[in-house]
Amino acid sequence: MPHLGLVAVVVRDYDEAIAFYTNALGFDLREDTPQGDEKRWVTVAPPGSKETAILLAKADSPEQEARIGDQTGGRVGLFLNTDDFARDHTHMLEHGVKFLEEPRHEPYGTVAVFADLYGNRWDLIEPRDQ
């Protein structure tokens, strides 16, 4: 059966992106393999994520550089589910993650929008049915 394997996020620098995703968000570094010409194959994923990860793709053209931090036109484009909103929200705040709103309770769960290192918007969500 098909499944979503990777989602690419365009980044300015591999090492700063790895530091943000592993420290601030608590993701695991899955792979960091040199590809030549200063390119690397870098993947990160939340702990326990079995099938889906994020490919940290360094911009290599002016067009790609222009998309860093705004890959979805300013709307939330990535959704990070949690089984403990308070724990993860606190961890992220302690590690400098910028939340763009206060946590709110919606019919589908507890949610707050945050920006990653480059400004891409994410939802941190604890689904109601957890």
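Cut-offs applied
- Residues numbered from 1 in each chain as written.
- Predicted model: local features only at pLDDT ≥ 70, side-chain atom pairs only at ≥ 80, totals over all residues.
- Heavy atoms only, no water.
- 1 Å grid on protein atoms, 1.4 Å probe; cavity = no way out; pocket = protein on both sides within 12 Å on 5 of 7 lines; lining within 4 Å.
- Points joined across faces, edges and corners; volume = space filled by probe spheres on them.
- Helix = DSSP H or I, 4+ residues; strand = E, 2+ residues; numbered from the N terminus.
- Nonpolar A, V, L, I, M, F, W, Y, C, P; charged D, E, K, R; others polar.
- UniProt positions renumbered as here; feature names shortened; annotations may be inferred.
- Buried < 20%, exposed > 50% of the residue type's maximum accessible area, 1.4 Å probe, protein only.
- Contact = heavy atoms within 4.5 Å.
- Core = buried A, V, L, I, M, F, W, Y, C linked by side-chain atoms within 4.5 Å.
- Arc of directions from axis to C-beta.

An unreviewed UniProt entry annotates the protein chain as VOC family protein originating from Kibdelosporangium philippinense.

*Asks:* Describe the layout of surface pockets, with residues and values.
*Replies:* Put simply, the largest pocket is a space of about 490 Å³. Residue assignment for the lining of the largest pocket shows that the elements contributing at least two residues are strand E4 (53-58), strand E5 (78-81), helix H3 (85-94) and strand E9 (121-127). In terms of residue count, E5 provides more of the lining of the largest pocket than any other element does, four residues in total. Counted by class, the lining of the largest pocket contains 13 nonpolar, seven polar and one charged residues.

*Asks:* Go over the UniProt feature "domain: VOC" (unreviewed entry) in the protein chain, please, and point to the residues and values.
*Replies:* When the UniProt feature table is mapped to this numbering, "domain: VOC" (unreviewed entry) covers residues 3-127. Its end C-alpha atoms 21 Å apart, residues 3-127 is made of 22% helix and 41% strand.

*Asks:* An account of the side chain of Thr110 is requested, with residue identities and associated values reported.
*Replies:* You can see Thr110 is positioned in strand E8 (residues 109-115). Take Thr110: its relative accessible area is 15%, and that puts it in the buried class. Apart from residues lying up to four places away in sequence, Thr110 is in contact with Phe85, Arg104, His105, Leu124, Ile125 and Glu126.

*Asks:* Please provide a residue-by-residue account of the nonpolar core, values included.
*Replies:* Counting residues in each nonpolar core, the largest one holds 28 residues, and the members touching the most others are Tyr21, Leu56 and Phe114. Secondary-structure elements contributing two or more residues to this core are strand E1 (6-11), helix H1 (14-24), strand E3 (39-45), E4, E5, H3, E8 and E9. Among the elements that make up this core, the one with the highest residue count is H1 (six residues). Leave out the neighbours within four places in its chain, and Phe114 touches Leu25, Leu80, Met92, Val97, Lys98, Phe99, Leu100, Asn120, Arg121, Trp122, Asp123 and Leu124.

*Asks:* Could you give an account of H3, naming the residues involved and the relevant values?
*Replies:* Among the residues of H3, Phe85, His89 and Met92 are the ones counted as buried. Buried positions in H3, seen along its axis, are confined to an arc of 65° and lie on one side of it. Of the residues in H3, the exposed ones pointing more than 90 degrees away from the buried face are Ala86 and Glu94. Each element contacted by the buried residues of H3 is listed here: H1, strand E6 (98-99), E8 and E9. The first or second residue beyond H3 is Gly96, which carries a positive phi of 85°.

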